[in-house]
Amino acid sequence: MDGSPFLLGGMISTTLLILAMASSKSGWYDAHATFYGDMQGKETMQGACGYGDLFKQGYGLETTALSAALFDGGLSCGACFKIKCVNDPHWCIPDAGTITVTATNFCPANYSKPTGNWCNPPLQHFDLSMPMFVKIAHYKAGIVPVQYRRVGCHRRGGVKFEMKGNPYWVLVLVFNVGGVGDVWNVKIKGSNTRWIQMSRNWGQNWDVGVVLVRQRLSFQVTTRDRKMIQFHDLAPAHWHFGQTFEGKSNF
């Protein structure tokens, strides 16, 4: 996730923010992009959003890690971005068009060196999987200027819930979310309980310290745009930890 040798002083950071504000009038925001891992994408698995095996969960290699300014403490996990390489004819691939990626990981800030800290606040930065980076820029570029915008996520099937934890503590990974993609609130309901507010543990893992074994489980999911779907009796009373349940609808 290392960047380039160019110095990022306060003046350059301010300039980037001004450019981002200007470009936002057209719906596109200025940022930079690097890549991590190789063409097989093994390094992109098990990221900070908690998705685990991105192939099994439907995200594949069309993914990105986000800098702190975009990651929003993990609330942006699952969001989709359209990205294009701009303003660098030497490194941008001509007529490459755009790529669409899902946020599945975090690009941490690095304060140990004076230059190349592209993921440090307040910079907006995408650390793409290598297969996505080489669709828009030449491999040897290392880092390129890009423009991005949020777009809707198109998923196959319904929202999915992976059950983790123990009999006294339930941890649920919510994934395969369409629409805006990023989940902002989750509630759970056992067949013997009312709706219970869950807390975001990390990434898109949500937890609650309540005994819910041997109960049918329902879920209520709210995304960033305040749209909400309830999944009634999705898990049967004989559900087990390690199972994944798929809803019949999506955003």
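One structure accompanies this document, and this report is about it. Not measured: the values here are computed from a predicted model.

What counts, and at which threshold
Residues numbered from 1 in each chain as written. Predicted model: local features only at pLDDT ≥ 70, side-chain atom pairs only at ≥ 80, totals over all residues. Heavy atoms only, no water. Core = buried A, V, L, I, M, F, W, Y, C linked by side-chain atoms within 4.5 Å. Buried < 20%, exposed > 50% of the residue type's maximum accessible area, 1.4 Å probe, protein only. Helix = DSSP H or I, 4+ residues; strand = E, 2+ residues; numbered from the N terminus. Contact = heavy atoms within 4.5 Å. Patch = residues over 30% accessible without salt bridge, like charges linked within 9 Å, V, L, I, M, F, W, Y side chains within 5 Å. Areas by Shrake-Rupley, 256 points an atom, 1.4 Å probe, with all protein chains shown as cover. Salt bridge = Lys/Arg side-chain N within 4 Å of Asp/Glu carboxyl O. Polar contact = N/O pair within 3.5 Å; in protein donor to acceptor, adjacent residues only side chain to side chain.

## Some remarks on the nonpolar core
Step number 1: Judged by nonpolar contacts, the single largest core of 34 residues is most densely connected at Phe81, Ile83, Phe126 and Leu128.
Step number 2: Of all the secondary structure elements, the ones that give two or more residues to this core are strand S1 (29-36), helix H2 (68-71), strand S3 (80-85), strand S4 (99-106), strand S5 (125-129), helix H3 (130-136), strand S6 (144-151) and strand S8 (169-175).
Step number 3: It is H3 that contributes the most residues to this core, 4 residues altogether.
Step number 4: Setting aside residues no more than four positions away along its own chain, Ile83 makes contact with Gly97, Thr98, Ile99, Val101, Phe126, Leu128, Ile136, Val146, Gln147 and Tyr148.
Step number 5: Listed in part, the 24 residues of the second largest apolar core include Ile196, Phe219, Ile229 and Ala235.

## Here's the deal with a nonpolar patch on the surface
Step number 1: A surface patch of nonpolar side chains, amounting to about 320 Å² of accessible area, comprises Tyr168, Trp169 and Val211.
Step number 2: Structurally, the position occupied by Tyr168 is in the loop between strand S7 (160-166) and S8.

## Some details on the side chain of Ser218
Step number 1: Note on placement: Ser218 falls in strand S13 (residues 217-223).
Step number 2: Of the polar contacts made by the side chain of Ser218, one reaches the backbone nitrogen of Asp233; its length is 2.7 Å.
Step number 3: If sequence neighbours within four positions are ignored, Ser218 has contacts with Lys187, Ile188, Lys189, Trp195, Phe231, His232 and Asp233.

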